[in-house]
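# Commentary on secondary and tertiary structure
The lines below spell out each chain.
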Amino acid sequence: MTSIKNRFALSIAAVLAAVSLTACSGNTTSSADSSSAAESNSADSSAAESTPAEDGAADESSAADSEAAYSPENPVTVKIGLTGNVYEDIWNPIKDKLAPEGINIEYEQFTSFNIPNNALNNGEIDMNAFQHHAYFNNDVASNGYDLTAIGDTYIVAMNIYTAKGLTIEDALASTDTLKIAVPNDVTNEGRALKLLESAGFFTINAEAGASPEITDITDYAVPVEFVEVDANLVYSVIQDVDLAVINGNYALDSGLTADDAIYKESEYADNSYYCLIAVRTEDAENPVYKRIVEAYQTQDTIDIYNNEFKGFFVPAWTLD
């Protein structure tokens, strides 16, 4: 099968409605191990099940513990790196909640996935919230960044779309070569390939791991030609291909809904695709950053997911 690299110097304008719906000083390391992940998930589940009274007590305790780090009289400013205006819809209520406590949040928007971790590592921003664990782990290892994930946020679905009126059954019955657009970065392409495998288009070598490559495909059910583009540009080529595998945030940016998908991602074997909040490792125990994570992981945020991102966003910190 043929792999074609298509890179377009285009930017996708958000076409969303008024309530807009637009890819983490301590001694912890930037690599995540299974035991710490289990402890984190257990703690997060307990927090999700707490009563309002317990939540209030936790908030008071957290504020008291970090009184020396920030206060209304001595505020601090935290710059958060994001990769789409949609995320501001999630963060704005948190920003409003924390400002009276003395934590002022500012946004730094990036247009590409490959910039925010470098900006964080270099000190240009204080934290970022745009990526899942698979991407984070690969980017940190590949570039030698000294970063740490300090809290999970959501899972955003990656689905299969078409502008050709096809059903998944039509595509699987094709005798012609199918052009399928997929993200071209390692982890998102691997995720797209695994989704296409689950839909029945081909089989991937079982030893390929969480981020397989096109060369790991062993058997094709139908002829396929891959069109590889930046994750944020997949929608821009949907008219030129038969199928497009699009990250949920970019699907939202482009005006698509989960119901528009002809095949949906529905199962997650581990936390690879849980999105996260990252900081420099030296700041992993910073009470300001821990308070931001605490303020994020609340029912208020879940309500935003449910009301504004139906079908796409799932609170990852509540999952086992």
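That block above? That's the structure.
First things first, this report covers the structure right here in the doc. (Residues numbered from 1 in each chain as written. Predicted model: local features only at pLDDT ≥ 70, side-chain atom pairs only at ≥ 80, totals over all residues. Heavy atoms only, no water.)

### A few points about the pattern of salt bridges
This is how it is decided: One speaks of a salt bridge when a side-chain nitrogen belonging to Lys or Arg is within 4 Å of a carboxyl oxygen belonging to Asp or Glu. Working definition: helices are DSSP H or I runs of at least four residues, strands are E runs of at least two. Numbering for both runs from the N terminus. Buried means the residue's accessible area, taken with a 1.4 Å probe over protein chains only, is under 20% of the maximum for its type, while exposed means over 50%, and partly exposed covers the values in between.
For the structure on display, the rule yields eight salt bridges. In this structure, glutamate 101 and arginine 291 form a salt bridge, with 2.8 Å as the shortest nitrogen-oxygen distance. Residue glutamate 101 is found in the loop between helix 3 (86–98) and strand 3 (103–109), and its partner arginine 291 is found in helix 9 (residues 287–296); the two are separated by 190 residues along the sequence. Glutamate 101 sits in the partly exposed class, given a relative accessible area of 21%. Taking the shortest distance from any N to any O, the salt bridge between aspartate 242 and lysine 164 comes out at 3.9 Å. One end of the pair, aspartate 242, is in the loop between strand 11 (224–229) and strand 12 (243–247); the other, lysine 164, is in the loop between strand 7 (158–161) and helix 6 (168–172), and 78 residues separate them in sequence. It is possible to trace a salt-bridge network through shared partners that takes in Glu101, Arg291 and Glu294.

### What to know about the packing of aromatic side chains
Aromatic rings considered in pairs are described by the distance between their centres and by the relative angle of their planes. Where we set the bar: In summary, the pairing rule links any two rings of Phe, Tyr or Trp, Trp by its six-membered ring, whose centres are within 6.5 Å, and it sorts them by plane angle into stacked for under 30 degrees, edge-to-face for over 60 and tilted for everything else. Only when the NZ of Lys or the CZ of Arg is both within 6 Å of the ring centre and within 35 degrees of the ring normal is a charge said to sit over the ring.
If you walk through the whole model with that rule in mind, you get 14 aromatic pairs. An angle of 70° between the planes, with centres 5.7 Å apart, marks the rings of phenylalanine 113 and tyrosine 135 as edge-to-face. Taken together, the residues span a long stretch of sequence, with phenylalanine 113 in the loop between strand 3 and helix 4 (116–121) and tyrosine 135 in helix 5 (residues 133–143) at a distance of 22 residues. Accessibility classification places phenylalanine 113 together with tyrosine 135 in one group, the buried group. Measuring from centroid to centroid gives 4.5 Å for tyrosine 154 and phenylalanine 313, while their planes differ by 40°, and the two rings are tilted. Linking tyrosine 154 in strand 6 (residues 154–156) with phenylalanine 313 in strand 14 (residues 313–315), this pair joins segments that are 159 residues apart in sequence. Neither residue differs from the other here; tyrosine 154 and phenylalanine 313 are each classed as buried. Grouping aromatic residues by their ring pairs yields a cluster made of Tyr87, Trp91, Tyr154, Tyr296, Tyr305, Phe309, Phe313 and Trp317. One Lys or Arg, arginine 191, reaches over the ring of tyrosine 273 and ends 4.5 Å from the middle of that ring.

Geometry only, nothing functional implied.
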